[in-house]
Amino acid sequence: MIYTIPEYYNQFQCLASACPATCCAGWQIVIDEKTQEKYRNYKGSFGNRLKNSIDWENGTFQQYHGRCAFLNEENLCDIHIEAGHDALCRTCRRYPKHVEVYENEREISLSLSCPAVARLIMGQKETCRFRSIERDGEESEEDFDEFLYSALQDCRNVMLELAQDRSVSLHLRMARILALAHDVQNRIERNRVFEVETVLERYQRPQARERLDAKLLRFAGQSKQQQGARAWLEDWITVRWRMLDLFREFEVLDPLWTEDLQEYRKCLYEKGCATYLEQELQWEQVAKEWETEYEQILVYFLFTYFCGAVYDGDAMRKVQMAVESVRILSELGMAAWMRGKTLPTFEDRMRLAWRYSRELEHSDPNLAAMERVLGEWPEYGFEPMLLQLLVHEG
């Protein structure tokens, strides 16, 4: 079994009681069957507490005011204190570890939803690298398309290289990645996965990036000219408004997140297109200082989700989610700046990232809703997304 992790993986340290958003509150914690049996058989007074503080029908810990029944006043876990780490359920032992399961490989990342992980990921100054180790482990028994998986891995390697090319703006890097995803998705849908290798070779030829950039910028310029700059910008801003509005339809894990989003939407859009554009131009300049943070988030989403396309064949949507997540977080940073009249600190930007991740990544209905929008809204087609990324380029 091959296990792949980001190089920063072993630098993680839990903040425990100092965490600004404990993982023991705000969501239901599911207990695996093996641990449920262990809790049923636990003896003594703590065993009685276990039996009385678990929702046995749903297999979850009971909550009080949104907090796990075993989370004490010091924000520490009474199960861990009383019975040790091995007594924790699988969910609590693993978090913030995130595991993607493939036939004979496991890709292990750390979840951006954890404040300590958000600090670790966004604080990385060097380009992110990954390392693989081989250990004993059981292979998955389900049907698995090894050829597609290998092609996706090769494609992701090129995408990660493009994402970390700091010689150009992050928006242009994301446009390049979208273009590559579009070409690869085309081969997947036509059952011509064997052509992906040729596609990747084309993207890696000498001067390939320069030629691609020229083509992308020419396309953006012609499109804006045909539609009219003013009309195009108004349509574009409407899309941004609608995306943030979508979060009101999401399953709500933190009610304060929904309230803050409404304030951010007002700050960004209520004064109209001209004001938004003026503010956004200023924001693009100041936010260049933090491009590395957004690059790390882009790499995180690509590494975590892209190869999952081996199960549904939808590589393009995985890339769209990665790109759109970066854009949303940048826009929320801009909104925080407009609301507070001061530039968001690293703590502010980090907090936006882990709050966004919690609402999106830890709710299957929310992930499904995001994928549905990216697949169904015409504004999130390949060409419209390119135009949104390239509006200020060139």
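As a starting point, this report considers the structure included with it.

## Comments concerning the sheet that holds strand 1 (residues 2-6)
Logical step 1: Taken in spatial order, the 4 strands line up as 6-7-1-8 in an open sheet, and their pairing is mixed. The strands lining the two open edges of the sheet, one partner per strand, are strand 6 (97-101) and strand 8 (130-134). Averaged over all adjacent pairs, the angle separating strand axes in this sheet is 25°, with direction ignored.
Logical step 2: Examined bridge by bridge, strand 6 and strand 7 (residues 105-110) share 5 bridges and lie antiparallel to one another.

## Thoughts on the packing of helix 11 (residues 255-269) against helix 16 (residues 346-361)
Logical step 1: It is at 11 Å that the axes of helix 11 and helix 16 come closest, and there the two elements cross at 120°. Classified by chirality, the crossing of helix 16 by helix 11 is left-handed. In this structure, helix 11 contributes Leu 256, Trp 257, Asp 260 and Tyr 264 to the contact, and helix 16 contributes Leu 352, Arg 355, Tyr 356 and Glu 359.
Logical step 2: Of the residues in the contact of helix 11 with helix 16, the class split is 5 nonpolar, no polar and 3 charged.

## Regarding the packing of aromatic side chains
Aromatic ring pairs are reported here in terms of the distance separating the ring centres and the angle at which the planes meet.
Logical step 1: According to the stated counting rule, one finds 17 aromatic pairs in the structure shown.
Logical step 2: Measuring from centroid to centroid gives 6.1 Å for Phe 301 and Tyr 305, while their planes differ by 25°, and the two rings are stacked. You can see Phe 301 and its partner Tyr 305 sitting in helix 13 (residues 291-305), 4 residues apart, about one turn around the helix. Residue Phe 301 shares its accessibility class with Tyr 305, and that shared class is buried.

## Some details on the nonpolar core
Nonpolar side chains in soluble globular proteins tend to be buried together.
Logical step 1: In this structure, Phe 61, Leu 180, Leu 298, Phe 301 and Met 370 are the most contacted members of the largest nonpolar core, which totals 130 residues.
Logical step 2: Here this core gets 14 residues from one element, more than from any other, and that element is helix 15 (residues 315-340).
Logical step 3: Those residues in contact with Met 370 that lie beyond four places of it in its chain are Met 243, Phe 247, Phe 250, Met 321, Ile 328, Tyr 356 and Leu 360.

## Structural notes on the environment of Leu 367
Logical step 1: Relative to the elements of secondary structure, Leu 367 occurs in helix 17 (residues 364-376).
Logical step 2: Residue Leu 367 is classed as buried on the basis of its relative accessible area of 16%.
Logical step 3: Along the sequence, Leu 367 and Met 1 sit 366 residues apart, while their C-alpha atoms lie 28 Å from each other.
Logical step 4: Those residues in contact with Leu 367 that sit more than four places away from it in its chain are Met 321, Leu 360 and Glu 361.

## Some thoughts on a positive patch on the surface
Logical step 1: Where like charges cluster on the molecular surface, the positive patch consists of Lys 34, Lys 38, Arg 90, Arg 93, Arg 94 and Lys 97.
Logical step 2: Listing elements by their share of the positive patch, those giving two or more residues are helix 1 (33-40) and helix 4 (90-94).
Logical step 3: With respect to the element layout, Arg 93 can be found in helix 4.

## Here's the deal with helix 6 (residues 146-163)
Logical step 1: Taking 1.5 Å as the rise per residue, helix 6 with 18 residues should run 26 Å; its terminal C-alpha atoms sit 25 Å apart, in good agreement.
Logical step 2: Along helix 6, the positions that sit buried rather than exposed are Leu 148, Tyr 149, Ala 151, Leu 152, Gln 153, Cys 155, Arg 156, Val 158, Met 159, Leu 160, Leu 162 and Ala 163.
Logical step 3: Residue Asp 145 occupies the N-cap position of helix 6, its side-chain oxygen lying 3.3 Å from the main-chain nitrogen of Phe 147.

## Brief notes about the side chain of Ser 111
Logical step 1: Within the element layout of this structure, Ser 111 appears in the loop between strand 7 and helix 5 (115-122).
Logical step 2: Not counting chain neighbours up to four residues away, the residues in contact with Ser 111 comprise Tyr 95, Pro 96, Val 117, Tyr 300, Ser 357 and His 362.

## Digging into the pairing of strand 7
Sheet faces and side chains relate simply in a regular strand, where the side chains alternate between the two faces.
Logical step 1: Among the 6 residues that make up strand 7, 6 are buried, leaving the element largely enclosed by the rest of the structure.
Logical step 2: Relative to strand 7, strand 1 runs parallel, the two being bridged by 3 bridges. By the bridge assignment, Tyr 3 is partnered in strand 7 with Arg 106.
Logical step 3: Here strand 6 folds back onto strand 7, and the loop between the two strands holds 3 residues.

Procedures and definitions
- Residues numbered from 1 in each chain as written.
- Predicted model: local features only at pLDDT ≥ 70, side-chain atom pairs only at ≥ 80, totals over all residues.
- Heavy atoms only, no water.
- Pairing = 2+ DSSP bridges.
- Helix = DSSP H or I, 4+ residues; strand = E, 2+ residues; numbered from the N terminus.
- Axes fitted to C-alpha atoms, helices over the stretch in contact; angles between N-to-C directions.
- Left-handed = near helix turned anticlockwise from the far one by under 90°.
- Contact = heavy atoms within 4.5 Å.
- Nonpolar A, V, L, I, M, F, W, Y, C, P; charged D, E, K, R; others polar.
- Phe/Tyr/Trp six-rings, centres within 6.5 Å; stacked < 30°, edge-to-face > 60°.
- Buried < 20%, exposed > 50% of the residue type's maximum accessible area, 1.4 Å probe, protein only.
- Core = buried A, V, L, I, M, F, W, Y, C linked by side-chain atoms within 4.5 Å.
- Patch = residues over 30% accessible without salt bridge, like charges linked within 9 Å, V, L, I, M, F, W, Y side chains within 5 Å.
- Areas by Shrake-Rupley, 256 points an atom, 1.4 Å probe, with all protein chains shown as cover.
- Salt bridge = Lys/Arg side-chain N within 4 Å of Asp/Glu carboxyl O.
- Lys, Arg positive; Asp, Glu negative; His and termini not counted.
- Charge placed at Lys NZ, Arg CZ, Asp CG, Glu CD.
- Expected span 1.5 Å × (residues − 1).
- Polar contact = N/O pair within 3.5 Å; in protein donor to acceptor, adjacent residues only side chain to side chain.

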